[in-house]
Structure formats: structure tokens, C-alpha cells
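Structural overview for review
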Amino acid sequence: MKNIRFILFSIITLIFCFASQSLPQDNTDLKSQIQKFQSGSHQFMVTGYALTNFIKPQNEPSQFETGFNPIFLYKANDRLFFEAEIELEIEDGEQNITLEYAQILYTLNDYLIFGAGKFLNPANYFIERLHPAWINKLPTMPMFVGHHGGMLAGQHLGFQLRGGTPIKGSKIEYVFFMSMGPTLDLDDGFIDFKNYEDNNNNKGIGLKFGFLPIPELAIGYAFENATVGEENTQFENVSATTHVVDFSYAKDIRGLKGTIDLKAQVVWLNIDNPNIAPLTFENNSNGGYAQIAFRPGNVDNDFFKNLEFVYRYDWTDKPDNAPENELMKRSTIGINYWLSSSSLFKFAYENKDIVVPGGSTTNEHRFIGQIAFGF
Amino acid sequence: MKFIKKYMVNLILGLGFFAVLTIVGCASTTDIVDRSGAQLWGENCARCHNIRPPQSLTDAQWEIAGMHMRTRANLSGIVTRKIIEFLKTAN
């Protein structure tokens, strides 16, 4: 019996000794040990956002939509990095899975990064910086930047060189990119940005310059050019050129007890006129948006400090003689309620005028509610 | 001739606008590289979205998120390092 007691005592003592040795010595050790087992501590991180919409169009049944965009980040070392986003959504009565972007990035120096893969279009400020649901201040995107179409590509498949350089108190940004470029769609005389199999050997090129004279203000200009016609056809020399101007200003204004946020972007798209049917018209399009938002974040009231008021005007104007030559003008007014720094409720009402050939105008309006969560 | 005149006027106006912005930018603020990590964090993140509290991610996650945002926002290396260092210190 004594032997059994001695053996049990020895085992318990040994267990206690091993347990004591493995316990962290202080809170700092404990914190670092816990962090080792948390997501993101092994150079890999999953982040992203989710959203659910409720849409009530005029004279049509109301709909729910939902989406989830996981973003995968992997840092191999201080120079080598990988990022990818997948979009999973139920929208317009369909379930879609899309590779939003996937690119390998290599930091060349403090001022230049090389990236290759599918990447968000650097010329499209809204898509590159503002489109995630928890950042976009309205439940919809401007018509021309069209995540799934529009006048400016959302993504490119190719490579890019990009960076930023501080110059005293200001900063310049620069991006050069080369990609498959869009393809010409002879049905409507427009271009298709979803080009995963190029129709010619020409590759699209683009440049983006940004200038930030003060931290709150960013202005940018971008240029894109690509041959869009199919090789060995009579349209093989047709090219498309895009000019884009963007503007961003966000400032906390003490007198207003809140933050003013102004955003604007205008796109001009020109597709060559080869004067061969069906392309026998001057193929110039333009589109844009201007948006103002105000959040009284510095008032004392807990409810009002989480509110945000938003107004956006956007338009798209296609060529007069094109098969789809609508002029669309839309006004959207919205109120948001922030639940945290990256989650919010949005309530918006939009009113759209569509001017069709002959000058007749039709009007559409709808209500959209959204909950968005960035994580 | 009219065409050239129109584009010359636009060019001069454009260059003038950039010149004014450059002078304003260079004259009115501290050099970016001399700013603190906290200041750079507020300035760069808030331009597009609400700033996330340092406690919302772990130190290791800030290292990864910092590299992601460096690409997206065209941040220079020194600015990125200062912001990440601040976030890790404040975490």
C-alpha cells in the first residue's frame, strides 16, 4: 500500500513539475504563446467581408441577396506576398462564384512593387479602394465602374508595377500595368472586359498617377489603351482608349463635429470607328459619379454619432447611334448606421432616369437595405 | 489652329492646377517621413475607410494586413513600417 502511495505521489509530483515548466513565466509570455495559435500568426490570414441586401424595386417583387468575400493573404517573407479574393454571391436570381483577384507580389524596393496575376484595375479608383461592402457608403456601385461590366474594367489579368513616393509633405503614386485588355463585342459595338482568352497578340497597357498634396486630398489620372478587335478580321485594328480622372477628399471638421467625405470619378471611353458595319458611328462614351457623405462622429449623442448621411449622383452616356445608346442618370440618397468600425446598416433610395433614342424618358426607383460586415 | 489653342489652354490650366497643389502640399505640412506612425495610420487609412482599432488584429496579423494595404494604397516602405510598428505598440 505504501508503495502504491509512493508511486502515485511521484507521478503527481512529476506531472506538476512538467506542467510548471511549460507554463509561461508572465503575461507577456502567455500573450505571445496564445498569439502563436491564433489565425494570422503563421504568415497566413483570412479576412474579408459579407453582406445581405433587401431590394424593393418599383412594380416588381422584393428580393433578398447575399454575398461573402473571403480574402486570403500569405506573407512568405518581407518581400514575397500573395493575396486572393473569392466572391460567393446569390444575386439576380443566380448563385455565382468569382475569382475577384489573385496575384503574387514581390517588393523590389521601398518605392516599387511587382505584381502578377488577376488584379483590381489600378485605373478604377472606386473598384480598387472603395468597393468592399463595408467601405462603400451605399449598397450599390456607380453604374459606369460596373463590377460586372460598365465602362471601365474591374480587374485585369497580367502584371503591374506600382508604388508611392513621399515628396516632403506630399506624395505621388504611380502604377504601370499590362494585361489581356478588353475585347470588341460586335453585337452592341461596345467592349467586353471579361477577357480570359485574348483575341489578338496585342496587350493592353495602362498608367495611373496619383497626387496627394495634403493627406486628406487625392487626385488621380489614369490612361488605358488596347487593341480590342479580333486578329485576322476586318476589325483587327480597332482599339479602345480610356481616360479616367478621380478625386477623393476626407476630413474631420471640428466645426461640424463630424467627417466630410467627397468622392468623384469620371471616365471617357473611345472605341475606334472603322466605318465597317455594324461599327459605323462615333463610338464615344462617358460616365461618372460624385458622392458626398457626412458622419457626425464627434457629437456626444451615442445614436447620432453612428449615423452617416450619403448622396450620390452617377450617370452613363453611350454613343448616340450605338445599338444600346441609353443615357442613364441616377440619384441615390442613403442613411447608414455604424455598428462598429467595419459593420453597418445601410438604407438607400434610388431614382433612375433612362433616356432612350427619340428622347423619351423612363423612370425607375427602388429601395435597398443592406447589412455589411468587414472582418 | 482653334484645336491647338483649345488644347494649349487646357494644358496650361492643368499644369497650373498641379503647380498650385504642389506648392500647397510642399509648404504646409511636415515631411511625411518625419511623421509618427500614429499620424500616418490616421491619415492613410481614413482616406478610404474607418480606421480599425489596433486591438482588432494581433501583431502578426498587422504584419500581413500591412503588406496587403501597402500594395492597395501605394504606401512607401518606410510609411508602412512606421504604421505597423505603431499598431503593434498600441496593441
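Refer to the structure presented above.
What counts as what
- Residues numbered from 1 in each chain as written.
- Chains lettered and ligands numbered in written order.
- Predicted model: local features only at pLDDT ≥ 70, side-chain atom pairs only at ≥ 80, totals over all residues.
- Heavy atoms only, no water.
- Contact = heavy atoms within 4.5 Å.
- Buried area = accessible area lost by both parts, 1.4 Å probe.
- Salt bridge = Lys/Arg side-chain N within 4 Å of Asp/Glu carboxyl O.
- Polar contact = N/O pair within 3.5 Å; in protein donor to acceptor, adjacent residues only side chain to side chain.
- Helix = DSSP H or I, 4+ residues; strand = E, 2+ residues; numbered from the N terminus.
- Nonpolar A, V, L, I, M, F, W, Y, C, P; charged D, E, K, R; others polar.
- Disulfide = S-S within 2.5 Å.
- Buried < 20%, exposed > 50% of the residue type's maximum accessible area, 1.4 Å probe, protein only.
- Patch = residues over 30% accessible without salt bridge, like charges linked within 9 Å, V, L, I, M, F, W, Y side chains within 5 Å.
- Areas by Shrake-Rupley, 256 points an atom, 1.4 Å probe, with all protein chains shown as cover.
- Lys, Arg positive; Asp, Glu negative; His and termini not counted.
- Charge placed at Lys NZ, Arg CZ, Asp CG, Glu CD.
- Pairing = 2+ DSSP bridges.
- Expected span 1.5 Å × (residues − 1).
- Arc of directions from axis to C-beta.

1. What to know about the interface of chain B and chain A
Contacts between the two partners involve 44 residues from chain B, matched on the other side by 59 residues from chain A. Taken together, the two surfaces of chain B and chain A that pack against each other cover about 4100 Å², and 58% of this comes from carbon and sulfur. When the area that chain B buries against chain A is broken down by residue, the three leading residues are B:Arg47, B:Arg72 and B:Asn74, summing to 19%. At the boundary of chain B and chain A, one finds three salt bridges. A:Glu83 is the partner of B:Arg72 in a salt bridge, and the nearest nitrogen-oxygen pair spans 3.6 Å. There are 21 residue pairs in polar contact (both at pLDDT 80 or more) connecting chain B and chain A. Among the elements that take part in the side of chain B that touches chain A, helix 3 (residues 59-72) of chain B stands out by supplying eleven residues, more than any other. Class assignment of the residues belonging to the side of chain B that touches chain A gives a composition of 18 nonpolar, 16 polar and ten charged.

2. A few points about the state of the cysteines
Residues and elements named next belong to chain B. Scanning the model with the defined rule gives zero disulfides over all chains in all. There is no disulfide at cysteine 48, and the cysteine sulfur nearest it, in cysteine 45, is 9.2 Å away. A relative accessible area of 14% means that cysteine 48 is categorised as buried.

3. Structural notes on a negative patch on the surface
Together, A:Glu60, A:Glu324, A:Glu326 and A:Glu364 make up a negatively charged patch on the protein surface. Residue classification places A:Glu60 among the partly exposed positions, given a relative accessible area of 48%.

4. Concerning the pairing of strand 3 (residues 80-91) of chain A
All names here are of chain A. In the sheet, strand 2 (residues 63-75) pairs with strand 3 via eight bridges, with the strands oriented antiparallel. Its bridge partner being in strand 3, glycine 67 is matched across the sheet by glutamate 89. The loop that links strand 2 with its antiparallel partner strand 3 comprises four residues. Judged from the twelve bridges that link them, strand 3 and strand 4 (residues 94-109) form a sheet pairing that is antiparallel. Following the sheet pairing, glutamate 89 is matched in strand 4 by asparagine 96. If you look at the hairpin formed by strand 3 and strand 4, you'll find two residues sitting between the two strands, and aspartate 92 has a positive phi there, around 50°.

5. Describing the environment of A:Asn69
All names here are of chain A. With respect to the helices and strands, asparagine 69 occurs in strand 2. Judged by relative accessible area, which is 2%, asparagine 69 ranks as buried. Spatially, the C-alpha atom of asparagine 69 lies 6.1 Å from that of alanine 50, the residues being 19 residues apart in sequence. Dropping the residues within four chain positions of it, asparagine 69 is found in contact with Thr47, Gly48, Tyr49, Glu85, Ile86, Glu87 and Glu100. Side-chain polar atoms of asparagine 69 contact the side chain of glutamate 85, separated by 2.7 Å.

6. Thoughts on helix 4 (residues 77-90) of chain B
All names here are of chain B. When the terminal C-alpha atoms of helix 4 are compared, their 20 Å separation across 14 residues agrees well with the 20 Å that a helix rising 1.5 Å per residue should span. Looking at helix 4, one finds that the buried residues are Gly77, Val79, Thr80, Ile83, Ile84 and Leu87. Along the long axis of helix 4, the arc covered by the buried residues comes to 165°, so they all point the same way. Against the buried residues of helix 4 lie helix 2 (37-45) and helix 3.

7. Quick notes on the pattern of salt bridges
Summed over the entire model, instances satisfying the criterion amount to 18 salt bridges over all chains. Residue B:Glu63 is joined to A:Lys75 by a salt bridge in which the shortest nitrogen-to-oxygen separation is 3.1 Å. Taken as a pair, B:Glu63 in helix 3 and A:Lys75 in strand 2 lie in two separate chains rather than in one. The class of A:Lys75 is buried, set by a relative accessible area of 10%. Linked through salt bridges whose partners overlap, the residues forming this network are A:Glu128, A:Arg129, A:Arg162, A:Lys171 and A:Glu173.

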